[in-house]
Amino acid sequence: MPFGTDFAIGPPGTKPDRRRRSRCEAGPAAARIPRRRLQRTVLSKKLLAVAIAAIGFAVSCWAYFPGLMNPDSSDQFRQALTHRFDDWHPTILAGIWVLTNAVLPGPAGLFLVLTALYWLGFLLIAFFLIGIRSDRYLVVMLLPFMPFLFNIAGTLCIDLLVLGSFLVALGL
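Residues numbered from 1 in each chain as written. Predicted model: local features only at pLDDT ≥ 70, side-chain atom pairs only at ≥ 80, totals over all residues. Heavy atoms only, no water.

Chemist: Help me get a handle on the pattern of salt bridges, residues and values and all.
Modeler: All told, the structure shown has two salt bridges when counted by the stated rule. A salt bridge links Arg 78 to Asp 75, with the nearest nitrogen and oxygen atoms 2.4 Å apart. With a gap of three residues between them, Arg 78 and Asp 75 both fall in helix H3 (residues 71-82), about one helical turn apart. Under the relative-accessibility criterion, Arg 78 is labelled partly exposed at 39%. Exposure remark for Asp 75: the relative accessible area of 18% places this residue in the buried category. (Salt bridge = Lys/Arg side-chain N within 4 Å of Asp/Glu carboxyl O. Helix = DSSP H or I, 4+ residues; strand = E, 2+ residues; numbered from the N terminus. Buried < 20%, exposed > 50% of the residue type's maximum accessible area, 1.4 Å probe, protein only.)

Chemist: Run through a nonpolar patch on the surface, naming residues and quoting values.
Modeler: Taken together, Ile 55, Val 59, Leu 142 and Phe 145 make up a surface patch of nonpolar side chains, about 320 Å² in accessible area. Summarising the element assignment, Ile 55 is placed in helix H2 (residues 35-64). Take Ile 55: its relative accessible area is 52%, and that puts it in the exposed class. (Patch = residues over 30% accessible without salt bridge, like charges linked within 9 Å, V, L, I, M, F, W, Y side chains within 5 Å. Areas by Shrake-Rupley, 256 points an atom, 1.4 Å probe, with all protein chains shown as cover.)

Chemist: Please give an account of unusual backbone geometry that cites residues and values.
Modeler: Here the bond from Phe 65 into Pro 66 is cis, since omega is 5°, no more than 30 degrees from zero. Note that Pro 66 resides in the loop between H2 and H3. Residues other than glycine seldom take positive phi values, yet His 83 does so here, at roughly 60°. Mapped onto the elements, His 83 comes out in the loop between H3 and helix H4 (91-103).

Chemist: Tell me what's going on with helix H8 (residues 158-171), and back it up with residues and numbers.
Modeler: Helix length check: H8, at 14 residues, gives a terminal C-alpha distance of 20 Å against a target of 20 Å (1.5 Å per residue), a fit within 8%. Taken as a whole, H8 has its buried residues at Leu 160, Leu 161, Gly 164, Leu 167, Val 168 and Gly 171. Considered in projection along H8, the buried side chains sweep an arc of 135° and stay on one side of the axis. Turned more than 90 degrees off the buried face of H8, the exposed positions are Asp 159, Phe 166, Ala 169 and Leu 170. (Expected span 1.5 Å × (residues − 1). Arc of directions from axis to C-beta.)

As structure tokens, then:
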């Protein structure tokens, strides 16, 4: 029997029987941490990730509220107000802006949606990494604070909608 295994190899061409696994094969984390303590560790990691995302959302709102508008954003806002859409810009952003204007008029409603997508996407990716017992979730939760991402986080544009949508889709 090869070193480190405790299962029967069997005849050539068959798969080994892995029903009996030693503590060593179950993984180092499973061998050392009792189940209840492991659940508390996962919960504390998730709470830390939620806290970082909430702080990030608050910092984004403090820094950029009600959002930065460039000429393209202004044109799409005009389209959302008049309900006359053209095909120069993607109409999905103006369509979402029509919906957010019903709840919170002006650029603030769209800003909150885009910022929530941004932070929710990173949070869902961190939850996935926590689920596979990776400590890299902290890197994922600190990545949105990097200047090259945080600088565009307050702009009301289709780029941020696409980024937030892709992050949420990746996290799901």
